[in-house]
Amino acid sequence: MIDYFKEVLGGFYSLLAGMAVTIRYFVKPIVTVQYPRQKIEMSPRYRGYPQLIIDPETHVHRCIACDMCARICPSQLITVEGTKFPGEKQKRATKYIHEHQYCSLCGLCTEVCPTDALEYSKEYRLAGFRREDAVIDHLVLLQQRQYAVGLPVTPIPTEAEIAAAMAEEAAAKEAKAKAAEKAKAKEAPAEEVKK
Amino acid sequence: MNFMVQTLGTAGATMVVGLIGVMALVAVNALFLIWMERKVSAHMQLRPGPMEVGWHGAIQTIADAIKLMGKELITPEEVDRPIFWLAPIVIFLPVLLSFLVIPFSASWIIRDMNVGIVLILAFSTLAVLSILMAGWSSNNKYAVLGAIRSVAQNVAYEIPLLITVMSIILMVGSFKLTDIVAAQERLWFVLLQPVAFILYIICATAETNRAPFDIPEAESELVAGFHTEYSGMRFALFFLAEYTNMFICSAIAAVLFLGGWHGPILPGVVWFLIKVYFVIFLMMWFRWTFPRTRFDQLITFAWKILIPLAFANLLITALVLKLR
């Protein structure tokens with residue numbers, strides 16, 4: 001008989017304890033956001049697709065088209081092309097395509113980059129209607145990001161400009177080679193004289 | 001109004017006005033309760049609930065109702081057609097009839113019958129018949145299982161419910177709802193009969209088929225229980241009846257235990273509705289706190305705990321009344 005009442009009262013107490021938990025949650029502030037209208041800041045550790053860093057000083061990307069990222073990529077998703085433009089010391093990327101649909105977000109490309117030109121983006125809205133929607137042209141994306149924060153947009157070199165730059169560089173190379181040959185030819189007889 | 005009094009007599013005019021009022025109340029109440037349930041459940045799970053349609057999603061339910069009206073009324077091939085068609089209507093009738101005797105305030109009552117409480121309890125049992133009709137005629141195993149469970153559940157909660165109500169009636173000496181409320185002018189019966197109040201709330205939760213006693217519907221086990229095969233407005237009628245039934249059970253709780261229309265400053269109707277919606281909030285609170293009981297657990301609980309306690313309560317009440 002005592003056990004019976006103990007069980008009833010114990011059960012009743014447990015019900016009240018459960019209700020106390022839910023009412024406490026009832027008055028707590030809500031934690032979800034109204035998604036399309038409100039968005040939350042992603043954590044600094046979040047790994048979206050890799051993207052080109054906008055250099056804080058020059059406001060353009062730092063990619064030198066060294067092809068390291070394309071070589072280390074385990075799924076070979078990255079295509080980089082670059083040209084050396086007249087008056088510049090290093091090559092500059094003219095095309096940077098990332099086929100993100102197969103990307104495993106391993107992050108090797110960001111780690112291998114000699115100029116630290118890549119970072120993880122905070123983008124999580126990756127849905128598209130076609131497979132091709134997942135192919136990211138990073139130079140276009142860079143322009144969009146620059147426009148969004150109000151920086152001057154870096155123009156993408158056109159094919160004609162690339163061809164001109166390449167021709168000029170080839171000419172410069174040829175001239176340099178000729179000059180070197182001449183110098184060699186000059187040096188050779190001098191050596192013979194010494195003997 | 002005068003024209004109606006002349007042609008129908010005072011009682012007739014009250015009936016017509018009351019019927020229109022009750023129909024409006026049933027619709028508005030269901031719309032409000034569905035919104036309230038969604039809000040209560042959402043906030044207990046730390047989310048905002050419907051926010052898009054209207055102020056804080058206030059007219060979301062109206063949008064849902066319009067959608068339901070636009071849906072096709074599907075009648076599966078081998079159902080028992082007349083019964084299948086009749087069940088949603090039958091579940092709605094007792095619910096509507098119960099409003100006949102509910103005293104919203106001292107004067108706001110359609111018909112002050114002297115068997116009021118018996119009438120409500122008798123009619124509310126009819127809902128089980130309709131659930132059985134719906135489940136059986138659907139020709140669907142889940143629906144039949146839901147219907148069977150509903151009948152078994154009825155055996156479990158109906159007896160303690162009646163015995164609990166009996167102890168209140170012993171104290172008042174009348175079946176008339178207005179008399180019961182009038183007797184609580186100074187002291188609410190919830191203070192004199194706390195055990196009876198708890199037992200009544202438990203039985204009312206079972207009667208309205210709500211969690212933790214929603215075993216006839218048991219959406220995780222039986223698809224949707226007895227209304228699995230119903231769609232569109234027929235389903236909406238079951239839904240409407242469930243929420244109206246909740247209102248009636250809470251109204252009886254307010255009348256029997258919480259002093260009906262009595263309260264300071266505000267008019268009686270407002271006090272009555274506050275009490276009703278408080279009890280409804282309590283039921284929603286239960287639903288989002290407790291997991292569903294198994295069907296044998298409910299029967300064990302009812303026969304081993306609810307009925308002995310209800311009987312003990314009734315005996316003690318009778319003893320105290322006799323010795324006083």
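How each quantity is defined
- Along each chain, residues carry numbers from 1 onward, in the same order as the chain's sequence is written.
- Labels are handed out in written order, letters beginning with A for the chains and numbers beginning with 1 for the ligands.
- Thresholds applied to this predicted model are a pLDDT of at least 70 for local features of residues and 80 or more for the giving and counting of side-chain atom pairs; totals over whole chains, interfaces and linings are not thresholded and use all residues.
- Put simply, DSSP H or I for four residues or longer makes a helix, DSSP E for two residues or longer makes a strand, and each gets a number counted from the N terminus.
- Restricting the calculation to C-alpha atoms gives the radius of gyration, and the globule rule supplies 2.2 Å times the number of residues raised to the power 0.38.
- To assign burial, the other C-beta atoms lying within 10 Å of each residue's own C-beta are counted, with C-beta atoms placed from the backbone; 20 or more indicates buried, 12 or fewer indicates exposed, and intermediate counts indicate partly exposed.
- Contacts here follow a simple rule: the backbone-placed C-beta atoms of the two residues must lie within 7 Å.
- If DSSP finds at least two bridges between two strands, the strands pair.
- For this classification, the nonpolar set comprises Ala, Val, Leu, Ile, Met, Phe, Trp, Tyr, Cys and Pro, the charged set comprises Asp, Glu, Lys and Arg, and every other residue, Gly included, is treated as polar.
- Where helices are involved, their axes are fitted lines through C-alpha atoms of the stretch in contact, as for all axes, and angles between N-to-C directions lie from 0 to 180°.
- Working rule for angles: under 35 degrees goes down as roughly parallel, over 145 as roughly antiparallel, 65 to 115 as roughly perpendicular, anything else as oblique.
- If you view the pair so one helix is near and one far, a crossing is left-handed when the near helix is turned anticlockwise from the far one by less than a right angle, and right-handed when it is turned clockwise.
- In this document the domain limits rely on a domain assignment from an automatic tool or a database.
- The span you would expect from a helix comes to 1.5 Å times its residue count less one.

Colleague: Is there a simple way to explain the overall build of chain A in this structure?
Modeller: Looking only at helices and strands, chain A has 5 helices and 5 strands in total. The secondary structure elements of chain A, listed N-terminal to C-terminal, are α-β-α-β-β-α-β-β-α-α. Taking 16 Å as the expected radius of gyration for a compact globule of 195 residues, we find that chain A reaches 31 Å, considerably beyond that expectation. Dimensions of chain A, computed from C-alpha atoms along their principal axes, come out at roughly 125 × 40 × 35 Å. Within chain A, buried positions represent 12% of all 195 residues. Relative to all contacts within chain A whose residues are 6 or more apart in sequence, the contacts with residues 24 or more apart total 67%.

Colleague: Would you take a moment to explain the overall build of chain B for this structure?
Modeller: Along its length, chain B carries 11 helices and 0 strands. Each helix (α) and strand (β) of chain B, taken in turn from the N terminus, gives the series α-α-α-α-α-α-α-α-α-α-α. Its C-alpha atoms give chain B a radius of gyration of 20 Å, near enough to 20 Å, the size a compact globule of 324 residues would have. Seen through its principal axes, chain B has C-alpha atoms that stretch 65 × 55 × 45 Å. When contacts within chain B are restricted to residue pairs at least 6 apart in sequence, long-range pairs at least 24 apart make up 77% of them.

Colleague: I tried to follow the pairing of strand E2 (residues 78–84) of chain A on my own but got confused; where do I start?
Modeller: The side chains of a regular strand alternate, first on one face of the sheet and then on the other. Residue and element names in this part refer to chain A. Judged from the 7 bridges that link them, E2 and strand E3 (residues 91–99) form a sheet pairing that is antiparallel. Paired with Ile 78 across the two strands is His 98, which belongs to E3. Counted between consecutive antiparallel strands, the loop separating E2 from E3 contains 6 residues, among which Gly 87 sits at a positive phi close to 90 degrees.

Colleague: Whenever I open this one, the interface of chain B and chain A confuses me. Can you help?
Modeller: By a frequent convention, interface size equals the accessible area lost on bringing the separate parts together. In this complex, chain B contributes 11 residues to the contact, which on the side of chain A involves 12 residues. Here the residues of the side of chain B that touches chain A sort into 8 nonpolar, 2 polar and 1 charged.

Colleague: Looking at this model, I keep getting lost on the pairing of E3 of chain A. Mind explaining?
Modeller: One ladder, built from 3 bridges, connects E3 of chain A with strand E5 (residues 135–137) of chain A; its direction is antiparallel. Within E5 of chain A, the residue paired with Glu 99 of chain A across the bridge is Val 135 of chain A.

Colleague: Is there a simple way to think about the sheet that holds E3 of chain A in this case?
Modeller: Sheet strands pair by backbone hydrogen bonding; their relative direction is either parallel or antiparallel. All names here are of chain A. Read across the sheet, 3 strands follow the order E2-E3-E5 without closing on themselves; strand pairing throughout is antiparallel. Whereas interior strands pair on both sides, the edge strands pair on one side only; in this sheet they are E2 and E5. Geometrically, the sheet is characterised by an average inter-axis angle of 15 degrees between neighbouring strands, direction not taken into account. Sitting on the sheet, helix H4 (residues 138–149) touches E3 and E5, and the angle it makes with E5 is about 65 degrees.

Colleague: Explanation requested: the packing of helix H3 (residues 81–98) of chain B against helix H4 (residues 116–137) of chain B in the structure shown.
Modeller: If you want to describe how two helices pack, look at the angle between their axes and the distance between the axes. Residues and elements named next belong to chain B. Running from amino to carboxyl end, H3 crosses H4 at an angle of 165 degrees, the nearest separation of the two axes being 8 Å. With respect to H4, the element H3 is oriented roughly antiparallel. As for the relative orientation of H3 and H4, their crossing is left-handed in sense. For the pair H3 and H4, the contacting residues are Ile 83, Phe 84, Leu 86, Ala 87, Val 90, Ile 91, Pro 94, Leu 97 and Ser 98 in the first and Ile 120, Phe 123, Ser 124, Leu 126, Ala 127, Leu 129, Ser 130, Met 133, Ala 134 and Ser 137 in the second. Its residues placed into classes, the contact of H3 with H4 shows 15 nonpolar, 4 polar and no charged.

Colleague: Where do I start with the domain arrangement of chain B in this structure?
Modeller: Residue and element names in this part refer to chain B. The assigned domain composition of chain B is domain 1 (1–70) and domain 2 (77–323). Each of domain 1 and domain 2 has a C-alpha centre, and the two are 20 Å apart. Breaking the side of domain 1 that touches domain 2 down by element, the ones donating at least two residues are helix H1 (2–44) and helix H2 (60–70). In terms of residue count, the dominant contributor to the side of domain 1 that touches domain 2 is H1 (13 residues). Within the side of domain 1 that touches domain 2, the residues separate by chemical class into 11 nonpolar, 4 polar and 1 charged.

Colleague: Any chance you could explain the environment of Leu 132 of chain B here in plain terms?
Modeller: Residues and elements named next belong to chain B. Positionally, Leu 132 belongs in helix H4. Overall, Leu 132 belongs to the buried group, with 22 C-beta atoms counted inside 10 Å. On a C-alpha basis, the gap between Leu 132 and Ala 143 in space is 8.9 Å, while along the polypeptide they are 11 residues apart. For Leu 132, the contacting residues outside a window of four places in its chain are Ala 147, Ser 150 and Val 151.

Colleague: So what exactly am I meant to see when it comes to H4 of chain A here?
Modeller: Since the α-helix advances by 3.6 residues per turn, residues separated by three or four positions end up pointing in the same direction. The end-to-end C-alpha separation of H4 of chain A is 16 Å, in line with the 16 Å expected for 12 residues at 1.5 Å each. Where H4 of chain A ends, the next residue or the one after it, Gly 150 of chain A, has phi of about 85 degrees, a positive value.

Colleague: What is the right way to look at unusual backbone geometry in this model?
Modeller: Glycine aside, residues mostly have negative phi, and peptide bonds are mostly found in the trans state. For His 59 of chain A, which is not glycine, the phi dihedral falls at a positive 65 degrees. Structurally, His 59 of chain A can be placed in the loop between strand E1 (50–52) and helix H2 (68–72). Of the residues examined, His 59 of chain A has 13 C-beta atoms within 10 Å and is grouped as partly exposed. We note that Asn 209 of chain B has phi near 55 degrees; this positive angle belongs to a residue other than glycine. With respect to the helices and strands, the residue Asn 209 of chain B is situated in the loop between helix H8 (194–207) and helix H9 (232–256). Classification of Asn 209 of chain B as buried rests on a count of 25 C-beta atoms within 10 Å.

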